[in-house]
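Secondary and tertiary structure notes
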Amino acid sequence: MNKNNHIKPLARSILKRACYIGTTALCLASLNAHGQLLHNLTVGNPKALGLANAVTADPPGVDSIHFNPAGLAKIKGRQYSVKFIVAHTELDASFGENTEPGADVLQSYYNLRQNADCSGLPNTPDGWQNCWGNDPVANQSSSNADPSLMLPFFGPTELPILAFPSGGVAVEDPSRGWTIGTAVYSPEGFGYSRDEDDPGAYQGIQVGVTRLTYFAPTIAMPVNETLSFGVGVNFSYQGMGVDTYLRAPLETTQFLTALEDLNLPSGNLDVLRPYEPLGRLSMEMEDFLSIGFNLGILWEPYEWLSFGFLYQSEKTSQLSGDFKMENSPEFLATTDGLHHTGLDSAFLLLDGVPFNATAVESGTVELEYITPQNIAFGTSVKVLPNLKINFDVKWIEYSVWEELNFKFDGDVDFLNFSSVVYAISGLKDNADPDAMRLPRNYEDVWSVAIGAEYQVNDNLVIRAGYEPRSSAIPSTSADMLFPVGEADLFSAGFGMQLDSTSRIDGAFGLLLSEQNIGACQSNNANNCKEGDVIYNPYYSIPFKTETTAYIFALSYDKKF
């Protein structure tokens, strides 16, 4: 027999499958491969992590509920899954030297304060600089301490290690042909803490954002032998906790100049100096019922080829909770002086109100928090009998995060002060006496992911994946609150069939991210526009960030 008769069909099959891969790769290469912040990283499914989340056309068992609900149709009988995710994140940053203010601003500030806290200083460039002060953040470094999570009922909680168990169950109804299931998982979980004397503490001493899906009823239905649909509703807890020091170097000169323009005496007032802290703001907000839905399609025209589609809806959470603002002695001296002299009544002319002038302000705060909608397209091609390649293309609408609008139940002196400064500067108003609009200005992103799975034998598969994740945060919006820029996710994993009804899967992921933000580049951290105070604590300081995340996931699946 001519051996070429066997070789040619095999070659044609490999060539055909290679064409699918080449076509897919060409489509992916034509995209501007933007990434997705921390999307999918905390779900904790080992198969998905091991394939760098390229599983839309190759859904991972019970966790198809999140990655592609149509994948539940592949589950036969009854199956449960329990899993465990452990993560460790290192957030490092370094600050450069201030490039501003210039001599004109320094001299103007000196002229306003030469008869007050700058008396005795010479009217020279050195005297102007000493009057203004030196930034204690300049040329310092920052790093996170213990991990932190926003937990239901407990609020922001420091933990020795980020670890989270979860799981789900799916049951096939053979009489009707559908499969139903539900799962507990966390599609969003991020948090950290810093030492109180860390220079990064002006954008987070402790921060935690958590979305925990606790009930996700999902149904998948096969249309025919190759096509399945799935849809699920997810009921989730959404929480946010922020504890941060505040400062506003860009407030002081605008405020003093305004007093002079209004012919109000300012020379003898105790006025906050540029680099002195305003105080410490802490907020804890929760919504225990945030609802969304997932829709998925899975088409498997051949045993070696499949295509998948996923749509996850936008989710709106009405967060509410408590806040506390502890005003610094320096800021309290400013507000107290203005309040007791009656000068704060002039604020009525500048969109402000009289000061409370108290050391601690507290009450309730609300925030409408949006989890963006997203879509994913994927393909899975078995290029060799033992080798499968997955490609995914994803889009997330992060542009809905234009700003975070915090609404307080009463006036807050820091926001009152900021509102007046905005009225003076003529810039976009990000503060009212009872509201803070924290600009984000994130961008919609496309991303790609690639994963490979190799069948070693009947019981063992090994996986590897790569996902380039350019940031949804442009350099003009970068900050220390969420210091994740362009990133690369590298992953590897395995799956082992223990017996006819049970298996284990494990995976490890490494996320690397860097940012290099020039002086005055970011409107959310180091802007140099005089009067742009919400929120630019690192006025004119260039900074660099490095984020490294280690993620380990392990699961056990059992048919019962």
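Residues numbered from 1 in each chain as written. Predicted model: local features only at pLDDT ≥ 70, side-chain atom pairs only at ≥ 80, totals over all residues. Heavy atoms only, no water.

Focus on the side chain of serine 317
- Its place among the elements puts serine 317 in strand S12 (residues 315–327).
- You can call serine 317 buried: its relative accessible area is 0%.
- One polar contact links serine 317 to serine 290, side chain to side chain, over a distance of 2.8 Å.
- When neighbours within four sequence positions are excluded, serine 317 is seen to be in contact with Arg211, Gln238, Asp287, Ser290, Leu367, Glu368 and Tyr369. (Helix = DSSP H or I, 4+ residues; strand = E, 2+ residues; numbered from the N terminus. Buried < 20%, exposed > 50% of the residue type's maximum accessible area, 1.4 Å probe, protein only. Polar contact = N/O pair within 3.5 Å; in protein donor to acceptor, adjacent residues only side chain to side chain. Contact = heavy atoms within 4.5 Å.)

Considerations on the state of the cysteines
- Under the criterion given, the structure shown has two disulfides.
- A sulfur-sulfur distance of 1.9 Å marks the disulfide that ties cysteine 118 to cysteine 131. Residues cysteine 118 and cysteine 131 are joined by a disulfide whose S-S torsion is about 90°; by sign, that bridge is right-handed. Of this pair, cysteine 118 sits in the loop between helix H4 (103–113) and helix H5 (125–132) while cysteine 131 sits in helix H5, and the two are 13 residues apart along the sequence. (Disulfide = S-S within 2.5 Å.)

Structural notes on a nonpolar patch on the surface
- Taken together, Tyr214, Phe215, Val231, Val233, Leu289, Ile291, Phe293 and Leu295 make up a surface patch of nonpolar side chains, about 640 Å² in accessible area.
- Taken together, the elements giving at least two residues each to the nonpolar patch come down to strand S7 (206–215), strand S9 (227–246) and strand S10 (279–302).
- The leading source of residues in the nonpolar patch is S10, at four residues.
- Mapped onto the elements of the fold, leucine 289 is located in strand S10. (Patch = residues over 30% accessible without salt bridge, like charges linked within 9 Å, V, L, I, M, F, W, Y side chains within 5 Å. Areas by Shrake-Rupley, 256 points an atom, 1.4 Å probe, with all protein chains shown as cover. Salt bridge = Lys/Arg side-chain N within 4 Å of Asp/Glu carboxyl O.)

Concerning the confidence of the model for the protein chain
- When the pLDDT values of the protein chain are averaged, the result is 89; 89% of them are 70 or greater.
- Below pLDDT 50 for its whole length, residues 1–35 participates in 45 contacts with residues either more than four positions away or in separate chains. (pLDDT = per-residue confidence, 0-100.)

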